[in-house]
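Residue-level structure breakdown
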Amino acid sequence: MTLSDSATAQLWETFRASGGSGLIREAVELVLQELIEAEAAEAIGAGRYERSDTRVTERNGHRSRLLATQAGDVELKIPKLRKGSFFPSMLEPRRRIDRALWAVVMEAYVAGVSTQSVDDLVAALGAESGISRSEVSRICAGLDEGVEAFRTRRLDHIEFPYVYLDATYLNVRNSVAQPASMATVVATGITADGNREILGCDIGDSESEAFWQQFLASLKDRGLHGVRLVISDAHRGLAAAAERHF
């Protein structure tokens, strides 16, 4: 599944409204830092702590750089070298990887990073970075693994008396590259003392009762309990699923 530009923007607004902007910012920071480390390794001729005949210099600490992104400011660490200098080509003013990186991160949270978005990110990085497609794929796979751990984490650490369900339809390209409109839902839990936490998200062909039954059942299986109020629109299938599970 590949998100369109408008779908990416819609999904970001849904996450931001649900209090999940910090999650996206952390993911953007993680991928950017990994890409910087990969480009530095290419320039040095060896990875961190790696013995290599191709090594031309060594790392010598780092300098911090604050970068403004669509998800907010992220703090990056730029490696310094004992001989020569290094500055990531992806951060040059003329380079714009924001759009490609944004698609990778947002896709990860709803359906996993697609092959197309990896290829788009490789193209946006350009040959100057020296980062191979396999290395970009490895970094994106690491992002997928972290997101999956978040999506499947236990929810029984505290009660969430109030649960918001925010659904929207996104324009995507499905597994056979055909345009389709798919339902995406984000569940946000509110604790008794007012703390907000994204509980989960899912994507389906439509907002059918079966879709809602499956999604709410998955939240309960992960330990969601103590729900007293579900806040959503008046979708009939959702109402029936909420009544059954809560």
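Reference entry: report on the structure contained in this document. (Residues numbered from 1 in each chain as written. Predicted model: local features only at pLDDT ≥ 70, side-chain atom pairs only at ≥ 80, totals over all residues. Heavy atoms only, no water.)

Some remarks on the layout of surface pockets
To keep things clear, this is the line we draw: Only protein atoms enter the calculation, which uses a 1 Å grid: trapped sets of points that fit a 1.4 Å probe without letting it out are cavities, open sets showing protein on both sides within 12 Å along at least five of seven lines are pockets, and any residue with an atom within 4 Å of a point is a lining residue. Grid points are joined across faces, edges and corners, and a volume is the space filled by probe spheres set on the points. A run of DSSP states H or I qualifies as a helix once it reaches four residues; a run of E qualifies as a strand once it reaches two. Both are numbered from the N-terminal end. The classification used treats Ala, Val, Leu, Ile, Met, Phe, Trp, Tyr, Cys and Pro as nonpolar, Asp, Glu, Lys and Arg as charged, and all other residues, Gly among them, as polar.
Space inside the largest pocket adds up to approximately 300 Å³. Considering the residues around the largest pocket, the lining is formed by 15 residues, among which Asp5, Thr8, Arg99, Ala100 and Ala103 are closest to the centre. Elements with a minimum of two residues in the lining of the largest pocket: strand 1 (2-3), helix 1 (5-17), helix 3 (98-110) and helix 4 (115-125). Of the volumes computed, that of the second largest pocket is approximately 230 Å³. Contributing to the lining of the second largest pocket are 16 residues, with Leu67, Ala68, Arg96, Ile97 and Asp98 lying nearest its centre. Breaking the lining of the second largest pocket down by element, the ones donating at least two residues are helix 2 (21-44), strand 2 (59-69) and helix 3. Residues that form the lining of the second largest pocket fall into these classes: 10 nonpolar, two polar and four charged.

Focus: the environment of Val136
Short version of the rule: Per-residue accessibility, obtained with a 1.4 Å probe over protein chains only, is compared with the maximum for each type, and a residue is labelled buried under 20%, exposed over 50%, and partly exposed between these values. It only takes one pair of heavy atoms within 4.5 Å for two residues to be counted as in contact.
Tracing the backbone shows Val136 in helix 5 (residues 133-151). On the basis of relative accessibility, which here comes to 0%, the residue Val136 falls in the buried class. Sequence separation between Val136 and Gln214 is 78 residues, and the spatial gap between their C-alpha atoms is 33 Å. Excluding residues that lie within four positions of it along the chain, Val136 makes contacts with Leu35, Val118, Leu121, Val122, Leu125 and Ile131.

A few points about helix 6 (residues 209-221)
Stated precisely, the cut-off is as follows: By this rule, a helix spans an expected 1.5 Å times one less than how many residues it contains.
With 13 residues, helix 6 should cover 18 Å at 1.5 Å per step; its first-to-last C-alpha distance of 18 Å lies within 8% of that length. Of all the residues in helix 6, the buried ones are Phe211, Trp212, Gln213, Phe215, Leu216 and Leu219. Buried residues along helix 6 sit in contact with strand 4 (162-173), strand 5 (179-190), strand 6 (196-204) and helix 7 (236-245). Positive backbone phi, at 110°, marks Gly223, one or two positions downstream of helix 6.

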